[in-house]
Amino acid sequence: MTNTNFLLFVFSFILLFYTNSVKTYQIINVNSQSELEAYPSPISSSNCVFSTLFVINDIDSSGLPNQVLINGNGARLLFSNQSSALYQFGFLVPNGTYTATLTIPGFPDTASVNTICHYPDVSLLSVSIIEDITYNEYSYYSAVFKLSGALIRPLEILSQQYYSIIRFSETYQYRITFSADFVRIQTSPSWQVSIPLYPNEISFNITYKNGTSPTILDSDIIDFEIYPNQTNVNAMPIYYGQIVKFKLTTPEITTIPNFRLNFLDMLEFVVRPISGSLGNIEFISSCFAGYPGPYSLAYQNGQPGFANSKYNLTNTIAYNTGSFLSKDTPIPLNDNTTIPMFTTFSINNENFDFKTLIVESNPDFNKYSQGFPYGFVEGNNLKYNVSFSTITFPDYSIQIFLYVKTVLFSKTYNTTFFNNIAYNESNAGIIRDIDSVYLGNFKFLIQIKAFTIGKYQIKNIKLNGQSEKNSINIQPQHLVRGTLFNGVWEILYDSILGENNQLNSLVIYTFCGVSRNYLSGSPISLDDPNKRFQLPSIGFNEFNFEDLVNITFLYNNVHVTNQSVSNIMYFNFTNISNYKDLSIGFSLMDPKTLADNQFDSLLNLVLHTMDDDFIFAEWVDNRYQVMFDIPANTMPGIANYYLTFSKELKIFSSELPQSAQLNLISKNIDIYGPIFSKIIKNPPNLPQDTFGWLVTIEDNVNGLKNGYITVRGTIDSSLHNFTIEPSKAIKGDKWVGEYEIYIKEHQSQCIQQSYEITDVVLYDTFNNIASYTKFEDTGKNSRYNPFINYINGTFINTVEPDIIICSGVSDSSGPTLLSFKSSTKGLDVGSLNSRNISFEFECQDQETGIRENQFPIVYLTTLNLDIHKCISTNSTPFQTTTKFTCTTTVPIGFGYPTDIVLSVYGFINNGGYYSGYSTQSLKDSGFDYSLNTTIYTENQPMITSTNSITNYGGSLMIYGRMLTCGNLDPKEVHLKYSDDGDGGIYISFTPKTIYDSFILIEGIRATNQSFTIKITSSSTSIESNEFTVTPKLFFFNYTAPIEPTTSPTTSPSSTPSSTPSSTPSSTPTTSPSSTPIPTVSPIPTNPPQKCQGNPECGGSNQGICKDGGCVCYPPFIGLTCTSQIIIVPQPSTNSTNPSTEIPIPSNDNSQDSEDISKAIFKSLISLVSLRELNFKGEQTKLYTFDKWIFTPLNNNKNLYETSINSNSDTITNISATLEWFNKSTTVEFANQQLQMNPSSIKYTIEINEYPFSQSLNTLQLVMSASLISSETDDICSSKEFGNTTNGDDSNFLKIQVDNHSVYGRFIKRAIIDSKVQSIENTLLDSTMKPISTSHSTQSYIGITIPQYSKQVIIDPDFSIIIDQRAASSNSENSICSNNSSSLTKGQIAGIIIGGVAFLSVIIVCTIYYFHKTKKNRVFRQSIKNKLEQFSSK
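Here the structure is a predicted model, which means the values were calculated and not measured.

What follows concerns the overall build of the protein chain. Along the backbone of the protein chain there are seven helices and 102 strands. Of all 1433 residues assigned to the protein chain, the portion counted as buried reaches 55%. Accessible area of the protein chain: about 59200 Å², with a carbon and sulfur share of 48%.

It is worth spelling out unusual backbone geometry at this point. Note that the residue after asparagine 1094, namely proline 1095, is joined by a cis bond; omega there is 10°. Inspection of the secondary structure puts proline 1095 in the loop between β77 (1027-1029) and β78 (1103-1106). Proline 1114 connects to proline 1115 through a cis peptide bond whose omega is 10°. For serine 717, which is not a glycine, the phi torsion comes out positive at approximately 60°. Structurally, serine 717 can be placed in the loop between β54 (704-713) and β55 (719-724). Note on serine 717: relative accessible area 1%, which makes it buried. One non-glycine residue, aspartate 1313, lies in positive phi territory at about 50°. By the secondary structure assignment, aspartate 1313 is in the loop between β95 (1309-1312) and β96 (1315-1318). Residue aspartate 1313 is classed as partly exposed on the basis of its relative accessible area of 24%.

Take asparagine 909: it is sitting in the loop between β67 (900-908) and β68 (914-917). On the basis of relative accessibility, which here comes to 0%, the residue asparagine 909 falls in the buried class. A distance of 2.8 Å separates a polar side-chain atom of asparagine 909 from the backbone oxygen of serine 813. Here the side chain of asparagine 909 touches glycine 912 through a polar contact of 3.1 Å, landing on its backbone nitrogen. Discounting residues that sit within four places of it in the chain, asparagine 909 has contacts with Asp811, Ser813, Gly814, Pro815, Asp845, Thr848, Gly849, Ile850 and Arg851.

The full count for this structure, using the stated rule, is 22 salt bridges. The salt bridge partner of arginine 481 is aspartate 996, with a shortest N-O separation of 2.7 Å. You can see arginine 481 sitting in strand β36 (residues 479-482) and its partner aspartate 996 sitting in the loop between β74 (993-994) and β75 (998-1004), a full 515 residues away along the chain. Residue arginine 481 is classed as partly exposed on the basis of its relative accessible area of 30%. Residue lysine 1279 pairs with aspartate 1325 through a salt bridge whose shortest N-O separation is 3.1 Å. A residue pair is termed long-range when its members are at least 10 positions apart, and lysine 1279 in strand β92 (residues 1276-1283) and aspartate 1325 in helix α5 (residues 1325-1328) qualify at 46 residues. We note that lysine 1279, like aspartate 1325, is buried.

Let's shift gears to the confidence of the model for the protein chain. On average, residues of the protein chain carry a pLDDT of 81, and 83% of them reach 70 or more. For the stretch residues 13-20, pLDDT sits under 50, and the model shows zero contacts to residues farther than four places along the chain or on other chains. Predicted confidence is poor over residues 1145-1157, with pLDDT under 50, and the contacts of this stretch with residues over four places away or in other chains come to 18 contacts.

This paragraph deals with the packing of aromatic side chains. Evaluated as defined, the whole model comprises 85 aromatic pairs. Aromatic pair tyrosine 374 and phenylalanine 388: ring centres 5.7 Å apart, planes at 35°, arrangement tilted. Here phenylalanine 388 lies in strand β29 (residues 383-391) and tyrosine 374 lies in the loop between β27 (368-370) and β28 (376-380), a separation of 14 residues in the sequence. There is no split in this pair, since tyrosine 374 and phenylalanine 388 are both buried. Every member of this aromatic cluster is reached through a ring pair, and the members are Tyr135, Tyr140, Tyr141, Tyr162, Tyr163, Phe178, Phe182, Trp191 and Tyr208. A cation over a ring is seen here: lysine 459 above phenylalanine 365, with NZ or CZ 4.5 Å from the ring centre.

What follows is about the sheet that holds strand β8 (residues 96-104). Read across the sheet, five strands follow the order β2-β9-β8-β4-β5 without closing on themselves; strand pairing throughout is mixed. The strands lining the two open edges of the sheet, one partner per strand, are β2 (37-38) and β5 (73-74).

A few words on the nonpolar core. Residues Phe388, Met569, Phe571, Phe820, Phe839 and Leu860 are the most contacted members of the largest nonpolar core, which totals 141 residues. The greatest single-element share of this core, amounting to seven residues, is contributed by β67. Once you skip the residues sitting within four places of it in the chain, phenylalanine 820 turns out to touch Phe839, Glu840, Phe841, Val858, Leu902, Val904, Leu922, Phe927 and Asp928. In this structure, Ile1245, Ile1247, Leu1267 and Val1302 belong to the second largest nonpolar core, which totals 42 residues.

What follows deals with the state of the cysteines. This structure, assessed with the given rule, holds six disulfides. A sulfur-sulfur distance of 1.9 Å marks the disulfide that ties cysteine 48 to cysteine 117. One disulfide, between cysteine 48 and cysteine 117, carries an S-S torsion of 75° and so falls in the right-handed class. With cysteine 48 in strand β3 (residues 48-58) and cysteine 117 in strand β9 (residues 107-117), the pair connects residues that are 69 residues apart, well separated along the chain.

Taken together, the four strands give an open sheet; going across it, the order is β70-β71-β75-β74, and neighbouring strands pair in antiparallel fashion. Looking at which strands have only one partner, the edges of the open sheet turn out to be β70 (942-946) and β74. Both strand β71 (residues 954-961) and β75 contribute to a ladder of five bridges, which runs antiparallel. Among the inter-strand pairings, tyrosine 959 is bridged to a residue of β75, identified as phenylalanine 998.

Another point: the environment of tyrosine 641. Secondary-structure assignment places tyrosine 641 in strand β48 (residues 641-644). A residue is classified by how much of its surface remains accessible, and tyrosine 641, at 0% relative accessible area, is buried. Separated by 505 residues in sequence, tyrosine 641 and asparagine 136 place their C-alpha atoms 9.1 Å apart. If we ignore the near neighbours within four places in the chain, the residues touching tyrosine 641 are Ile551, Phe553, Met569, Phe586, Ser587, Leu588, Met589, Ile651, Phe652, Ser653, Leu656 and Ala660. Within polar-contact distance, the side chain of tyrosine 641 engages the backbone oxygen of alanine 660 at 2.6 Å.

A few words now on the pairing of strand β42 (residues 565-573). Counting buried positions over the nine residues of β42 gives nine, a clear majority of the element. Burial along β42 is two-sided: Val565, Asn567, Met569, Phe571 and Phe573 and Ser566, Ile568, Tyr570 and Asn572, pointing in opposite directions, are all buried. Bridge analysis of strand β40 (residues 548-553) against β42 gives four bridges, and the strand direction is antiparallel. Bridge assignment links valine 549 to a residue of β42, and that residue is asparagine 572. Bridging between β42 and strand β46 (residues 623-630) involves seven bridges; their strand directions are antiparallel. Looking across to β46, one finds that serine 566 is bridged to aspartate 629.

Here the focus is the environment of isoleucine 1001. Inspection of the secondary structure assignment puts isoleucine 1001 in strand β75. By relative accessible area, which is 0% here, isoleucine 1001 ends up buried. Remark: the alpha-carbon pair of isoleucine 1001 and valine 973, spanning 28 residues in sequence, is separated by 7.8 Å. The contacts of isoleucine 1001, once residues within four sequence positions are left out, are Ser955, Leu956, Ile958, Val973, Phe989 and Pro991.

Glancing now at the environment of isoleucine 1345. By the secondary structure assignment, isoleucine 1345 is in strand β98 (residues 1336-1345). With 25 residues separating them along the chain, isoleucine 1345 and glutamate 1320 place their C-alpha atoms 7.0 Å apart. Excluding residues within four positions of it along the chain, isoleucine 1345 makes contact with Ile1247, Thr1258, Leu1259, Ile1312, Ile1319 and Val1352.

What follows concerns the side chain of threonine 452. Positionally, threonine 452 belongs in strand β33 (residues 443-452). Of note is the side chain of threonine 452, whose polar atom sits 3.4 Å from the backbone nitrogen of glycine 454. When sequence neighbours within four positions are dropped, the list of residues in contact with threonine 452 reads Asn427, Ala428, Gly429, Gln457, Ile458, Leu484, Phe485 and Thr510.

Parameters at a glance
- Residues numbered from 1 in each chain as written.
- Predicted model: local features only at pLDDT ≥ 70, side-chain atom pairs only at ≥ 80, totals over all residues.
- Heavy atoms only, no water.
- Helix = DSSP H or I, 4+ residues; strand = E, 2+ residues; numbered from the N terminus.
- Buried < 20%, exposed > 50% of the residue type's maximum accessible area, 1.4 Å probe, protein only.
- Areas by Shrake-Rupley, 256 points an atom, 1.4 Å probe, with all protein chains shown as cover.
- Polar contact = N/O pair within 3.5 Å; in protein donor to acceptor, adjacent residues only side chain to side chain.
- Contact = heavy atoms within 4.5 Å.
- Salt bridge = Lys/Arg side-chain N within 4 Å of Asp/Glu carboxyl O.
- pLDDT = per-residue confidence, 0-100.
- Phe/Tyr/Trp six-rings, centres within 6.5 Å; stacked < 30°, edge-to-face > 60°.
- Lys NZ or Arg CZ within 6 Å of the ring centre and 35° of its normal.
- Pairing = 2+ DSSP bridges.
- Core = buried A, V, L, I, M, F, W, Y, C linked by side-chain atoms within 4.5 Å.
- Disulfide = S-S within 2.5 Å.

As structure tokens, then:
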């Protein structure tokens, strides 16, 4: 070999060796250009934050690199597989360009990216003010501005010391909210704002809009009080600060006054109106119990000036946090063969004072809080032991901790389990993909695909927000496809919750404690590194405030004194294409609604918290509309509201023009629940062996609705619950009532101990709440305390029985558990009907016996620290030995796929000792202590909730799990209405949209009643649970109150005589009162109806179609507006009985008068009888009316009186006042305005005291209405009964012969014992068998009156109408002569016959003469005979 060849050989060998030894990689930069250019973050800092991403592919399958460097620093490995890896490197860059270079040691190639950090040029930026500064309670003082200029993207501006700044989605618009500290120092309406934009700042001025908060004078503030008013006192409950109350006497205010309770110029607390009226409004606030020190009341005394009032105080309340856990011994259980558990045990020597036990653990667990008896295993409240068990993992990679605390006191248990395994990241779960779908109403469906390559299943996936409220825990029950090793999870996400999505994260946990964290904006997987984790949100290009136009209300200047009012807001947009498909939420901000939504804030903090209760706008008739209720007795003046478009974008009414404001009128303000006005401990004349409290509960405006009071024994923790409602008062009514909170003891079987009221919840009739909880640790409920009059008396809520009641018994320990059995060893927690379980157990106490009416509780606990309670009942008497049972249904997915552990606590004996058994104790005793969940039905559909639907129907969003029935097609939603409109059968709906967790159906009809839905699969027998949907009721029947013109009269109190003792000056029911009559809720309203007629509602000249049906223009009337009121002369007066005969002028234009037989019409309406009915509706007593005493009142009004004698010899007086109306008149009855038609008659019927035979019986007034014609050939009659559609919420009766009708209106309310209450009108034809033919018709109506004490007043009225179409065989409930056709006589003859119509409660006779002949005289006698038949029925 030559030297040349040798050299070539060596070179080739070296080249081959080098080629085979150098690895080949492909490096890919996956950053978009927009990610490589940035502004400083935050914008006030000097550095930009960048995160570069590179994918490295192994080309020659030689293996991924061991090390990757970027500018010499190690990059973070995010994801990898056998051939590819994704690396991330984050760094800070100052102004300018920076190059990041990736290198792999031993690999010659590199990859670089150039990043650019921009400092904004302030000289090229401008600020335009979109909305000036306005004030409201939610956004405080805020404004909207836009930042424009040379910007590559919107700037993220962080909150400053004096204001917070939030950007509207992806726009250049910002809302700035000013802190209380900033507002307080402003002296002019022009407020200067400076925003740091490194290295400079941009400054601009915003003007405060006058008039959004009233000016207050110091002299307007009176009656300033502090509760309690002593110093160095103990608060009744822990963590309740001192309460401040005062009155404002400013006579006229149109917006909510801006008061603040200022603490050391550091914190400011809200001040709320609670009661009174304009010129005398009472306000309330509370100090922060955790901050004793000086407070002052501040208020706005100018625009926008603020001042501290002359009222100052020092909060000196001290509170004793007490003790709960003084000694503990954590016990890890080393038992691999069964269920690994962790049991705590503590011995406590200090008094237990009813604190709640709160248990938390690692972030992947839930937390729970339980009060007594949970955990209490031995002792009494003077010395007790606490022990409870929790299930743990078979294997766990990291240290687990158990965090046990009570109010302001905590202990932590840190435990490493016996079978701890080494941490291995490969045991972590991996997200493969995340998708989302917008469902509407701000909700998204999030679908997560995840898997794990280890042996441990995925435990849960947690979406972490900034608080618990906007964090979501996705658990095994949310799995919709696949397995817990590799599957798909679905969850609903409310995009309004939370604040900044950039701060969110997603963490996936497996059943060994290993987790993987995904930060917002980070890549999801190696498969698509450009897809980033980001919670979905609703975005806008830009919102133009000027686009929002034509804001009006169905009712404005609304009177809400003692009544809530349903209203509608209408609005539109000029560029409707930009907004038409948006979800728009509406919320009121009046003080009552804010209180209901738990609104609370410290005003110098950025975040105000409120439970948004949105009502969503609907697109109707080419505009948006939203129905809402205005609460009763709220603050008068401008009621603020806001529209929500996204998490960031809210438009407040204070920013809208005057025409968009909603004004309220209220003579009363009541935003405070019922309170204790008087408390007597151990009052005189107590029953033997009884002790307790006699309390007076007062709510002078709204009245008490219901509530409860909880009392506990201070030594044995025995529980005594008392239901509070007006019917249980021993004296008084719902406005002021006395209630007995009494406990009875057995002298030989009790211990001497005091008893304490630990909880009180009281609601008024408009759901204002006053509540007290002994250990309230938030302070929010401090202001609304039913004990407000007794906060100074710290022992008013404790009482001790007299020493003679309990002689004392001797005992040394609690009851012993003899047996404990569960009905099954396992639960299918994915099934519909196999989640039920029962427990039977027996306890014994041989020393003093088991205490009566104390019921132990079985607790079911999961590995995830979910807890479910089963409260027992005794199955044998409370004696030495007592048996208990309980049955419960656990939630769907409860405990899956691990075990559920059991415990039972709450056994109490008569000697003052209690006992309980943890899971470990049950196991050691040989009792049942766990349940397995290995059997799990995966494809069982379960409906869990729906969206809110109104009584007007529409679309229904259904939420749940496995609603696709395991992807078995097709699916149907079956719906059953409960108002019998469809015969009580299921109606099938085909879903418009369907996912495993969501279904949308359309076409729900209007209904005021609840309805039932279920989901079925037509290809299998799978069915979901039945779910009841209750619509939100809106009734648009508001009428403004009328000032009084006459005084009401008293009702007859004795048997009528020939000459009444006094002449009533007016009918009691037609005299409107300046103060509305108290109402007993609910008052029925008519459901919406579909508009009828062809043309609809009689055409545009006769009526209009509204949401509730046809509303007719006078003189038209009826469901289709095709009947017409006719004018007739006032009839002559009948002095014998309340009947009237009305001659009607002929309206006939027929030319063949001799050949065509003319007709006479006659109508008879009468009071038939008064009946007493039992609870089944069966008649038990019957009274008929014999003799009436007549008294003329004036030319248009007459009074008729009679009486009946019951079996108990009680005389019941009955009076009927008949009033004729010559013209259209508005009258008021039972707080409702009614329109009386011309030529109509109204009857006011009063029935005095009646002795009911049984407590459940009712009274029914029976009326008869008939109409008869002299024409017998080619004629039809018909009758109709139903709901009116003109908004008066009444029933109507229409009886028709030919083209003449009698029309009666029966309203659904009455005045019963001086209160407005609902009554029921019923058609009785099916039982009373009226006589009806083709030329005559008759109906019976029953007005059913609930049981009363003193008096009832009802108020029907009647009119005469002529119909455009005569009755025919096509008419409802028609009867026709043999030779009649379906054509009306008007169609045959081409004429419209004028006629008469009349209907009355007593008697109204209407005669219509077309021709007077001998034949007519014969016919009159025939009518007389038939009327006598009708009257004798």
